[in-house]
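Each chain, letter by letter, is given below.
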Amino acid sequence: MNAAAPLPSWAPRVCINPDALARIQTEFAKGWHEIMVQAHQGGLRPPADRRFQTEAWQANPAFLLMAHSYLLSSRALLQMVDAAQLPADVQNRLRFAVMQWVDAMSPSNFLALNPDAQKTLIDTGGESLRQGILNLLEDMRKGRVSHTDESSFEVGKNLAITPGQVVYENPLFQLIQYQAQTPQVYEKPLLVVPPCINKYYILDLQPQNSFVRYAVEQGFTVFLISWRNPRPDDNPSIAGCDWDDYLQQGV
């Protein structure tokens with residue numbers, strides 16, 4: 001039998017205190033026993049997690065058992081991460097990665113394991129599945145995942161409607177200035193630098209949930225960075241820019 005391949009040099013060696021590991025295993029076994037006893041007696045209650053609290057989950061003991069099993073296993077995995085003897089920054093990255101995996105594997109994310117989705121499929125005569133497939137194909141065409149119906153929003157019409165103007169730009173960004181909307185204005189303006197993964201209008205969605213509108217109504221002049229997306233016709237290209245470039249030429 002071939003020997004196991006060695007870990008890459010950058011891979012951290014994860015050590016867990018034996019006592020902590022034993023405690024986690026004991027809690028898992030106890031939790032699993034309690035779930036099975038309740039399931040056998042027909043007294044398994046819906047979990048506190050809102051993903052599994054609907055009538056469809058409660059009406060099917062098998063799905064309810066699966067939800068409890070998933071949550072119990074997820075809790076044990078995260079407890080193991082917390083018990084790992086690692087530098088704080090490495091442990092934070094590990095916890096983030098495990099949380100992403102745990103959330104992705106939730107049974108509520110899969111049609112075959114989600115009674116809510118199955119009920120909707122039946123109630124709509126298959127229309128929910130058809131629409132879901134169309135959404136998938138559209139996201140594949142765009143090359144990214146959409147979280148909402150983007151056709152319902154238009155910048156300057158029902159999105160990002162606080163009055164402002166571009167007062168400076170370079171290859172990486174445009175700077176938008178919003179004038180204060182009060183008789184007296186603060187001497188020092190606000191400069192807002194949103195994350196590069198966000199569009200500027202994350203801070204100016206609609207009047208009732210716009211940070212920019214709120215700030216100008218309090219007497220602040222607001223400057224807001226709007227990061228540009230790299231384009232094939234950029235000259236010079238910004239596709240190769242790194243964080244140093246964004247700090248020096250952007251922020």
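Rules used in this analysis
- Residues numbered from 1 in each chain as written.
- Predicted model: local features only at pLDDT ≥ 70, side-chain atom pairs only at ≥ 80, totals over all residues.
- Heavy atoms only, no water.
- Helix = DSSP H or I, 4+ residues; strand = E, 2+ residues; numbered from the N terminus.
- Buried < 20%, exposed > 50% of the residue type's maximum accessible area, 1.4 Å probe, protein only.
- Polar contact = N/O pair within 3.5 Å; in protein donor to acceptor, adjacent residues only side chain to side chain.
- Contact = heavy atoms within 4.5 Å.
- Phe/Tyr/Trp six-rings, centres within 6.5 Å; stacked < 30°, edge-to-face > 60°.
- Axes fitted to C-alpha atoms, helices over the stretch in contact; angles between N-to-C directions.
- Parallel < 35°, antiparallel > 145°, perpendicular 65-115°, else oblique.
- Nonpolar A, V, L, I, M, F, W, Y, C, P; charged D, E, K, R; others polar.
- Patch = residues over 30% accessible without salt bridge, like charges linked within 9 Å, V, L, I, M, F, W, Y side chains within 5 Å.
- Areas by Shrake-Rupley, 256 points an atom, 1.4 Å probe, with all protein chains shown as cover.
- Salt bridge = Lys/Arg side-chain N within 4 Å of Asp/Glu carboxyl O.
- Pairing = 2+ DSSP bridges.

Novice: Quick rundown of the side chain of S210? Include the residues and the values.
Specialist: Residue position: S210 is located in the loop between β3 (190-192) and α7 (211-217). Assessed through its relative accessible area of 6%, S210 is described here as buried. Reaching out from S210, the side chain makes a polar contact with the side chain of D204 at a distance of 2.7 Å. If we ignore the near neighbours within four places in the chain, the residues touching S210 are T162, L203, D204 and L205.

Novice: Tell me about the packing of aromatic side chains, and please be specific about residues and values.
Specialist: Applying the stated criterion to the full structure yields 9 aromatic pairs. Here F52 and W57 contribute two aromatic rings whose centre-to-centre distance is 4.8 Å and whose plane-to-plane angle is 80°, an arrangement assigned as edge-to-face. With respect to burial, F52 and W57 carry one shared label: buried. Members of the aromatic cluster, connected to one another through ring pairs, are Y168, F173, W227, W243 and Y246.

Novice: Can you explain the packing of helix α1 (residues 18-41) against helix α3 (residues 61-83)? Please cite residues and give values.
Specialist: The geometry of α1 relative to α3 is characterised by a closest axis approach of 10 Å and an angle of 170° between their N-to-C directions. It follows from the interaxial angle that α1 and α3 lie roughly antiparallel. Here A20, L21, I24, E27, F28, G31, W32, I35, M36 and A39 of α1 lie close against α3, whose contacting residues are L65, H68, S69, L72, S73, A76, Q79, M80 and A83. Broken down by class, the residue content of the contact of α1 with α3 amounts to 13 nonpolar, 5 polar and 1 charged.

Novice: I'd love a proper account of the side chain of S146, names of residues and values included.
Specialist: In this structure, S146 sits in the loop between α6 (127-142) and β1 (165-169). Within the structure, the side chain of S146 is placed 2.9 Å from the side chain of D139, a separation counted as a polar contact. Within the structure, the side chain of S146 is placed 2.5 Å from the side chain of K142, a separation counted as a polar contact.

Novice: Can you tell me about a nonpolar patch on the surface, naming the residues and giving the values?
Specialist: Taken together, the side chains of L111, L129, I133, L134, L136, L137 and M140 make up a nonpolar region of the molecular surface, amounting to roughly 640 Å² of accessible area. As for its position among the elements, L136 is in helix α6. Assessed through its relative accessible area of 48%, L136 is described here as partly exposed.

Novice: If you had to explain the sheet that holds β1 to someone new, which residues and values would you point to?
Specialist: Across the sheet, 4 strands lie side by side as β1-β2-β4-β3; this open sheet has mixed pairing. For this open sheet the edge positions go to β1 and β3, each flanked by a neighbour on one side alone. Taken pair by pair, the neighbouring strands of this sheet meet at an average axis angle of 25°, ignoring direction. Direction of pairing for β3 relative to strand β4 (residues 222-227): parallel, over a ladder of 3 bridges. Bridge pairing in β4 places L191 opposite F223.

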